[in-house]
Amino acid sequence: EAGQGAIGRAEEALSQRLLQLFDRGMAKLASDILAELGTALDREGRRTAVPFFTARGIAPAAGYASTVGDLARFASWQFRLLKNGGSEVLKATTLREMHRVHWVEPDFETTWGLGFIVWRKNDRTFVGHDGSCPGYRTALLEMPVDRVAIVFMANALGVESDAWAQRLYDIV
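Residues numbered from 1 in each chain as written. Predicted model: local features only at pLDDT ≥ 70, side-chain atom pairs only at ≥ 80, totals over all residues. Heavy atoms only, no water.

Caption draft 1: Structural context of the packing of aromatic side chains. Tallied over the entire structure, the rule returns four aromatic pairs. Pairing W119 with F126 gives two aromatic rings, centres 5.5 Å apart and planes at 15 degrees, and the pair type is stacked. On the basis of an interplanar angle of 85 degrees and a centroid distance of 4.9 Å, the ring pair of F126 and Y169 is categorised as edge-to-face. With F126 in strand β8 (residues 124-133) and Y169 in helix α6 (residues 161-171), the pair connects residues that are 43 residues apart, well separated along the chain. Since its relative accessible area comes to 2%, F126 is described here as buried. Exposure remark for Y169: the relative accessible area of 14% places this residue in the buried category. Each member of the aromatic cluster is reached from another via a ring pair, and the members are W119, F126 and Y169. Seen from the ring of W164, R167 lies directly overhead, with NZ or CZ sitting 5.0 Å from the centre. (Phe/Tyr/Trp six-rings, centres within 6.5 Å; stacked < 30°, edge-to-face > 60°. Helix = DSSP H or I, 4+ residues; strand = E, 2+ residues; numbered from the N terminus. Buried < 20%, exposed > 50% of the residue type's maximum accessible area, 1.4 Å probe, protein only. Lys NZ or Arg CZ within 6 Å of the ring centre and 35° of its normal.)

Structure representation (structure tokens):
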């Protein structure tokens, strides 16, 4: 009980800080947004309903839902903070540390920052994050040096959202 109360207060405080930063356009609780969306359909106009997803114990990592615009503003904020320095919710130095490799998977193929996947392609370093909940896949790819971000969202599982985001960057 006491732990749930503390989690609820932390969740509310984080929501308020994010909503202030992004002009109240970002970071609704996933439960609120998914309740508004309805059910995604396949090409024949049907979709088997997926049971509602509740993040519970992983709510700090998975308890939010966003739009393409929200994630674009999130990337823009990061680029601005990295360029100008200072502090806006986080210090620029903290964000740089989050974008730096902190963990390498045993296969030496996947490298992780803090909250971000970090990878190299054609001598370029990318950071990003992908995610999913039942019925939805998303990926945010950032190239901080060039200040370019790609947001990819799909209303279906079984989609390699990170691969699509990389393909879109390669086109740009």
